[in-house]
Amino acid sequence: MCGIVGYIGNEQAAPILLEGLSKLEYRGYDSAGVAVCDGNSVAIEKAVGKLLNLSDKISGGDALKGTKGIGHTRWATHGKPTKANAHPHFSERFIIVHNGIIENEEALRHHYLKDTEFLSDTDTEVIAHLLQKFTDSGETTPVAIQHIISELEGSYALAIIDKNEPDLLYAVKNKSPLLIGHGDDFNMIGSDAMAMISKTSQFYEINDKEYAILSCKGVEIYTGYGQKIERDTYKAELDVSDTEKGTYPHYMLKEIEEQPAVIRRILKEYSKNTGELEIDTKIIEDIRACDKIYIVACGTSYHAGIVGKQLIEHIANVPTEACIASEFVYNMPLLSKKPMFIFISQSGETADCRAVLVKVKEMGFKTLTITNVNGSTLSREADHTLLLYAGPEIAVASTKAYTAQIAVLALLASQIKNTININLNYELSKVSNVIEALCTDRDKYSLLARDYLTGARNCFYIGRALDYYVCLEASLKLKEISYIQTEGFAAGELKHGTIALIENNTPVISIISQENINLNTRSNIKEVKSRGAHVLTISTKSLSSQKDNIIVNDVHEMLTPLVMVVPAQYLAYYAALQKGCDIDKPRNLAKSVTVE
Ligand code: M6R
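Because the structure is a prediction, the values reported are computed rather than measured.

Engineer: Which residues make up unusual backbone geometry, and what are the values?
Structural biologist: Omega for the bond connecting His-87 with Pro-88 falls within 30 degrees of zero, at 0 degrees, which places this linkage in the cis form. Position of Pro-88 relative to the elements: it lies in the loop between strand E4 (68-74) and strand E5 (89-90). We note that Lys-209 has phi near 60 degrees; this positive angle belongs to a residue other than glycine. Along the polypeptide, Lys-209 turns up in the loop between strand E11 (202-205) and strand E12 (210-214).

In C-alpha cells form, the structure reads like this:
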C-alpha cells in the first residue's frame, strides 16, 4: 500500500526520495509524487503509473533542487489513480503525504472546511486544509498537529512540510506504519526500514498518536498531547544486498529459491549451543496455560495458519482454530475461557490483523506475533514475537514467508509438547534438501505451465486434508500473479457442485501427499478426467504413480505442505511469465495491506 519517504539533511533530497520510493515499490502503487523544498519555495511533481515516469520527469531527481523533501507512492483508496489524486497534497502553507484512510473525512469537511476548494478526491487533502485552518486561527504547527490527532479518526502516517519552517519536517502516526531514520547530519521518515537502509540503520519507533519534529541534527518525539518523549534509537539488522534481485529476473523467483536456505536459517536461529531447538520459555508457558489457541491471519499467512492448526493439534495436542482476521474482528466466535492468540503476518503491518490484536488485548488475552519484520507494529504490540528469519520478501506474491511460517509453527508445536516424538531438526533439514532438489527443475515447471496453464481461462487445484490446504495457497498464488481464475477445492467436495464447472481441457492440478486419503483423491482425479479435465498431478514419491507429472521426494507426512507448495509456486511464476504479467507487482495488489 502507499509508501512514504521524507528527508532533511545536507544532500540533494530528490534522488534520495526516489531511491527510497523505489525500495517501497514492492508494497504496490499506482502513482507517485515528491515535494522538494529549497528554502521557502517548494516544488511538487507527480506522475501516474511507474515510479520511472516520475523519475524521468525530474531527471532522476536532478531537476528538483533542495535538501528537504517528502515522497509518496499511492495505492488508490479514495478516488481514482490520477495525477490530481497522487500525493503530495497541499494547502497554502502545508504539503503532505499520507498513508491510511481517514474515516471521518466527510464530517471534518462539513464541520471545518465548508468553503474550501479541493483539487482532489482524496481524504489526504482534508488534512492539509485542516492544518491550514488551525494555524490560520493562531495555533503553532505542533499545536495544529496535536489538534488534528484529536480530530482524525482512522489510520494515518503523515510526512508534512510547513513552508514557514524551512529547517523542519514533521511526521505523525496512527495505525499506519512509520519509522524515523536517524543519521549524523540528516534524518528521514519512511514507511519501513527498507526505504532508508541505504542511508542509515538507526531508527526511532514512533507509536500511535505520536508525532515527531525532524531537523538535520535531531529528532524530537511527542505524544499527541505535546509531551516530549525520550526514546532511544534501535539498530535494524537489515543488509542492503538482501533487498537486491541479484542475477534473478524477478524477486519471486529469487524468493522461491531462497526457501531451502530460509529453513536452514530458522533451524540455526532457534538452536541452542547444544544444537537442540528451543523457543523462549515464556511463550511456551503462556501457551501451555491456555485452553485454546486462535491463529489469526490473512491471505497466504492464513493458509500457513490452517496448516499450523493441524500441526499444533497433531503434534502438541492443543485445540486450535485458524481464523481470517477481517472476518474475526467483526464476527468473533464464542471464545474459550482462556484463549491465546497467535498472529501470523509476513509484514507485521496488516491492518486486519492489528484490528483483532487491539481488540483481544483490550479483552486481556495473551498474544504472540509470528512475523518476518522485527519491530513491525504487530511485533511491537503483541506480548511475544517469533521471527521468521526469511530475509526481506519483496515480491507481492508471498512464497518464502509461507514456508518459513509453517516451519516456525511446526517448531512451536513441538516445543509446546512433542506428543508424536517428531525430530524436527532432522525433518526440517530433510525438507530443506527436498526443496533444493525441486529448485533444479525449472525447465520442467516452465513446460508444464505452458502445456496446462498459460492459455487457460480457469483452473482448479484439488486435494484432501493437508493437501487441500496447499491447494488453497497454490490457487491464490496462481490467480494473483497470472490472473487465471483458480480455485482450490477439497477433492471430496467436487461432486457436491463444483464438478459442474469441469469442461473439456479444464486444467485440474491434484496434490497427493497424504497416505490415508491418497486413494480417495485418485478416485476424484478419475471423476474429473472422465469429464474432460486436463489433469496435472503432483505427488510424493511413496504415493506416486507412473504418469504423475511432478514427483516430490518424501518428507514427514505432517510437513508435506512445505515441499508440495514449491512446484505450485513455480507453476504460478511460469504461467505469469508466459502471459507477460508483471510478476513482482501484480495489478491491484499491495504487499503490505495497511488499511482494513
Ligand atoms: O504481511 P501479511 O502476511 O500479513 O500479508 C497477508 C496477505 O496480505 C498476504 O499474504 C497476501 O495474501 C499475499 N499477496 C499472498 O501472496
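What follows continues from the structure just given.
Engineer: Explain the layout of surface pockets residue by residue, including any values.
Structural biologist: For the largest pocket, the calculated volume is near 870 Å³. Mapped onto the lining of the largest pocket, the elements with two or more residues apiece are strand E15 (234-235), helix H7 (259-269) and helix H12 (377-381). Per-element tally for the lining of the largest pocket: the top contributor is H7, with 3 residues. Viewed by domain, the lining of the largest pocket spans two of them, domain 1 (3-241) and domain 2 (245-438), each represented by three or more residues. Of the voids in this model, the second largest pocket is the one considered here, and its volume is about 620 Å³. Forming the walls of the second largest pocket are 27 residues, and the residues nearest its centre are Cys-298, Gly-299, Thr-300, Ala-590 and Val-593. Looking at the lining of the second largest pocket, the elements that each hand over two or more residues are helix H9 (299-316), strand E18 (339-345), helix H11 (351-362) and helix H16 (466-482). The greatest single-element share of the lining of the second largest pocket, amounting to 5 residues, is contributed by H9. Among the residues making up the lining of the second largest pocket, the classes are represented as 12 nonpolar, 11 polar and 4 charged.

Engineer: Describe the packing of aromatic side chains, with residues and values.
Structural biologist: Throughout the structure, instances matching the rule amount to 15 aromatic pairs. On the numbers, 5.2 Å between centres and 85 degrees between planes, the contact of Tyr-112 with Phe-134 is edge-to-face. With Tyr-112 in helix H3 (residues 105-112) and Phe-134 in helix H4 (residues 124-136), this residue pair connects regions lying 22 residues apart in the sequence. Assessed through its relative accessible area of 17%, Tyr-112 is described here as buried. Relative to Tyr-222, the ring of Tyr-211 has its centre 5.2 Å away and its plane inclined at 15 degrees; by these criteria the two rings are stacked. Here the residue Tyr-211 occupies a position in strand E12, and Tyr-222 occupies one in strand E13 (residues 219-223), the gap between them amounting to 11 residues. One exposure class covers both Tyr-211 and Tyr-222, and it is buried. Within the aromatic cluster, the residues linked to one another by ring pairs are Tyr-294, Phe-328, Phe-341, Phe-343 and Phe-365. Taking the ring centre of Tyr-483 as reference, the NZ or CZ of Arg-587 above it sits at 3.8 Å.

Engineer: Could you give me a rundown of the nonpolar core, with the residues and numbers involved?
Structural biologist: Counting residues in each nonpolar core, the largest one holds 102 residues, and the members touching the most others are Ile-312, Leu-412 and Leu-571. Per element, the largest residue contribution to this core is 13 residues, and it comes from helix H18 (residues 560-578). Each of domain 2 (245-438) and domain 3 (441-581) accounts for three or more of the residues forming this core. Leave out the neighbours within four places in its chain, and Leu-412 touches Ile-279, Ile-283, Ile-284, Ile-287, Ile-342, Leu-368 and Leu-386. Ile-16, Leu-17, Val-36 and Ile-197 belong to the second largest nonpolar core, which has 27 residues in total.

Engineer: Break down the side chain of Thr-377 for me, with residues and values.
Structural biologist: Counting through the fold element by element, Thr-377 comes out in helix H12. Leave out the neighbours within four places in its chain, and Thr-377 touches Gly-348, Glu-349 and Arg-354.

What counts as what
- Residues numbered from 1 in each chain as written.
- Predicted model: local features only at pLDDT ≥ 70, side-chain atom pairs only at ≥ 80, totals over all residues.
- Heavy atoms only, no water.
- Helix = DSSP H or I, 4+ residues; strand = E, 2+ residues; numbered from the N terminus.
- 1 Å grid on protein atoms, 1.4 Å probe; cavity = no way out; pocket = protein on both sides within 12 Å on 5 of 7 lines; lining within 4 Å.
- Points joined across faces, edges and corners; volume = space filled by probe spheres on them.
- Domains from an automatic or database assignment.
- Nonpolar A, V, L, I, M, F, W, Y, C, P; charged D, E, K, R; others polar.
- Phe/Tyr/Trp six-rings, centres within 6.5 Å; stacked < 30°, edge-to-face > 60°.
- Buried < 20%, exposed > 50% of the residue type's maximum accessible area, 1.4 Å probe, protein only.
- Lys NZ or Arg CZ within 6 Å of the ring centre and 35° of its normal.
- Core = buried A, V, L, I, M, F, W, Y, C linked by side-chain atoms within 4.5 Å.
- Contact = heavy atoms within 4.5 Å.

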